[in-house]
Amino acid sequence: MSGRLLRVLSGTAVAGALHAAVNVALLRRPPAGPSPVRRPVTVVLPVRDEEAQVGSCLAAVLAQAGVPDLRVVVVDDGSTDGTADVVRAVADPRVHLVTAADPPPGWLGKPHACATGADAGDPGDDGVLVFLDADVRLFPDAVAGAVAVLEEHGLDLVSPWPRPVTATAAERLVQPLGPWLWITTLPVRLAERSREPSLTAANGQFLVVRRPAYARAGGHAAVRGEVIEDVALARAVKRAGGRAVPVDGSRLAACRMYDGWPALRAGYAKSLWASVGGSPGASVAVAAGLTAVWVLPALAALRGSRAGLVGYAAGVAGRAVSAAATGSRVWPDSLAHPVSMLLFDVLLAGSVAGRRRGTLSWRGRPVGGAPAVRETMAG
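Residues numbered from 1 in each chain as written. Predicted model: local features only at pLDDT ≥ 70, side-chain atom pairs only at ≥ 80, totals over all residues. Heavy atoms only, no water.

Trainee: It is not clear to me how the side chain of Asp135 should be interpreted in this structure. Could you clarify?
Mentor: Mapped onto the secondary structure, Asp135 falls in the loop between β4 (128–132) and β5 (136–138). If sequence neighbours within four positions are ignored, Asp135 has contacts with Gln53, Ala254, Cys255, Arg256 and Met257. (Helix = DSSP H or I, 4+ residues; strand = E, 2+ residues; numbered from the N terminus. Contact = heavy atoms within 4.5 Å.)

Trainee: Could you clarify how one ought to interpret the nonpolar core in this entry?
Mentor: For soluble globular proteins, nonpolar side chains are generally found buried alongside one another. Phe131, Leu157 and Phe344 are the most contacted members of the largest nonpolar core, which totals 54 residues. Examining the composition of this core, we find that six residues originate from one element, helix α16 (residues 337–357), more than from any other. Those residues in contact with Phe131 that sit more than four places away from it in its chain are Val44, Cys114, Ala118, Gly204, Gln205, Phe206, Leu207, Val209, Tyr214 and His220. (Core = buried A, V, L, I, M, F, W, Y, C linked by side-chain atoms within 4.5 Å. Buried < 20%, exposed > 50% of the residue type's maximum accessible area, 1.4 Å probe, protein only.)

Trainee: Mind showing me how you'd approach unusual backbone geometry here?
Mentor: When glycine is set aside, most residues are seen to have a negative phi, and most peptide bonds are trans. With omega at 0 degrees, the peptide bond leading from Trp331 into Pro332 counts as cis. Structurally, the position occupied by Pro332 is in the loop between α15 (306–326) and α16. Phi is positive for Asp49, close to 55 degrees, though the residue is something other than glycine. As for its placement among the helices and strands, Asp49 is situated in the loop between β1 (41–47) and α2 (54–62).

Trainee: What exactly am I supposed to notice about the packing of helix α1 (residues 3–26) against helix α7 (residues 177–185) here?
Mentor: Each pair of packed helices gets described by two things: the angle between the helix axes and the distance between those axes. For the pair α1 and α7, the least separation of the axes is 7 Å and the interaxial angle reads 95 degrees. Relative to α7, the element α1 lies roughly perpendicular. Side by side, α1 and α7 meet where Gly16, His19, Ala20, Asn23 and Val24 of the first sit next to Trp182, Ile183, Thr184 and Thr185 of the second. Here the contact of α1 with α7 is built from residues that sort into four nonpolar, five polar and no charged. (Axes fitted to C-alpha atoms, helices over the stretch in contact; angles between N-to-C directions. Parallel < 35°, antiparallel > 145°, perpendicular 65-115°, else oblique. Nonpolar A, V, L, I, M, F, W, Y, C, P; charged D, E, K, R; others polar.)

Trainee: Got a minute to help me understand the pattern of salt bridges in this structure?
Mentor: Pairing of side chains with opposite charge becomes possible as their charged atoms draw close. Overall, the coordinates contain 16 salt bridges when judged by the stated rule. A salt bridge links Glu171 to Arg256, with the shortest nitrogen-to-oxygen separation between them at 2.7 Å. With a gap of 85 residues between them, Glu171 in helix α6 (residues 169–174) and Arg256 in the loop between β8 (244–255) and α11 (261–269) connect regions that are remote in the sequence. What makes Glu171 buried here is its relative accessible area of 0%. A salt bridge links Arg172 to Asp333; the nearest nitrogen and oxygen atoms lie 3.7 Å apart. With Arg172 in helix α6 and Asp333 in the loop between α15 and α16, this residue pair connects regions lying 161 residues apart in the sequence. Overall, the relative accessible area of 8% leaves Asp333 in the buried class. The structure contains a network of salt bridges with shared partners spanning Arg39, Asp126, Glu151 and Arg210. (Salt bridge = Lys/Arg side-chain N within 4 Å of Asp/Glu carboxyl O.)

Trainee: How should I be thinking about helix α5 (residues 142–152) in this particular structure?
Mentor: For an α-helix the count is 3.6 residues per turn, leaving residues at separations of three or four pointing the same way. Most of α5 is tucked away, with nine of its eleven residues classed as buried. Buried within α5 we find Ala142, Val143, Ala144, Gly145, Ala146, Val147, Ala148, Val149 and Leu150. Summarising the contacts, the buried residues of α5 are in contact with β1, β4, β5, β6 (157–164), β7 (206–210) and β8.

Trainee: Just to check I follow, could you spell out the packing of aromatic side chains for this structure?
Mentor: Throughout the structure, instances matching the rule amount to four aromatic pairs. Ring centres 5.6 Å apart and planes at 35 degrees place the aromatic pair Phe131 and Tyr214 in the tilted group. A residue pair is termed long-range when its members are at least 10 positions apart, and Phe131 in strand β4 and Tyr214 in helix α9 (residues 211–216) qualify at 83 residues. As far as burial versus exposure is concerned, Phe131 and Tyr214 are alike and both buried. Ring plane angle 85 degrees and centroid distance 5.0 Å describe the contact between Trp180 and Trp294, whose orientation is recorded as edge-to-face. With Trp180 in helix α7 and Trp294 in helix α13 (residues 280–294), this pair connects stretches of sequence that are 114 residues apart. With respect to burial, Trp180 and Trp294 carry one shared label: buried. (Phe/Tyr/Trp six-rings, centres within 6.5 Å; stacked < 30°, edge-to-face > 60°.)

Trainee: What's the story with the sheet that holds β5 in this structure? I'm lost.
Mentor: On the basis of which strands lie adjacent, the open sheet formed by eight strands has the order β3-β2-β1-β4-β7-β6-β8-β5 and mixed pairing. In this open sheet, the two edge strands, each paired with only one partner strand, are β3 (95–99) and β5. Neighbour to neighbour, the strand axes of the sheet diverge by 30 degrees on average, direction disregarded. In this structure, β1 lies alongside β4, joined through four bridges in parallel fashion. Bridge pairing links Val43 to Val130 in β4. (Pairing = 2+ DSSP bridges.)

Laid out in structure tokens, this is it:
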């Protein structure tokens with residue numbers, strides 16, 4: 001590697017770290033004591049074989065403070081375990097169990113389940129829809145805090161990024177990369193003001209959207225075949241004239257998304273190709289760029305390069321800033337950022353290979369046949 005190229009790569013890593021620091025300073029955060037929500041709130045919880053998770057998730061939803069008009073729609077999306085029995089055992093009139101039909105042609109499972117849940121409420125109300133995954137644990141002020149951000153800043157959709165909960169080495173290396181990526185690459189205040197759909201990021205674990213904006217965007221029907229339906233929905237809201245942006249959710253919710261390497265590898269296989277490029281070829285190109293900026297300087301540093309050491313230190317600093325802002329463990333995990341990027345490459349290679357073979361699936365349903373997503377997670 002030429003010295004000039006190494007300096008360019010290290011300079012890019014420095015710019016990424018500085019941008020992450022600016023983004024963290026500008027990131028929208030919920031108030032410490034949010035006011036009660038004055039609108040009706042419908043929480044849509046799509047579940048498929050979530051017997052072990054749904055009870056605890058529901059308990060946290062029902063314990064929300066400051067949400068007097070709360071309705072919870074649990075959509076059983078073809079579960080074959082005891083998920084529905086767990087929900088039926090919850091003796092609370094605010095909880096409604098709905099059984100989703102099989103997805104129609106052209107629909108993927110999760111968008112169809114979310115649309116089913118949204119339709120089960122009052123489509124004409126001026127309320128708020130909250131889409132939630134079963135592995136998310138809301139803190140008591142989560143919904144009120146997210147709605148407060150929505151109201152205070154005139155937003156139509158916010159994606160509070162839950163604090164990543166990790167236990168194994170693989171989880172600690174990989175899971176913080178999601179928020180790190182958009183904090184490093186997405187100018188959050190520009191994205192908030194801009195009508196450009198590609199300037200956004202979202203996380204379907206916890207999405208909060210005004211129902212009228214959801215309807216104007218076409219709801220989940222507008223993203224029926226999208227593998228990354230959360231980002232696609234945020235972009236649909238922006239196309240319809242709304243404002244959508246990720247916000248700090250580390251004080252609102254926590255999520256242990258995958259339990260160990262096998263689950264993590266299987267989970268990322270189904271959709272990673274669509275998250276960072278939108279097609280297998282574009283994904284490989286994006287991964288090559290990320291690897292060049294955040295791995296090659298570290299390798300050069302091992303050979304005594306000062307420029308490489310600067311690039312490595314910048315990568316560590318950017319990762320540390322992101323981790324501190326989103327509730328991940330900062331040290332010593334940030335020091336292994338180049339290893340995280342290499343694991344990301346391994347996961348992406350498996351996802352791209354599965355996409356090309358048409359073998360991708362999730363919870364028994366194929367996802368590889370869906371139309372290619374044409375936009376990236378952070379523009």
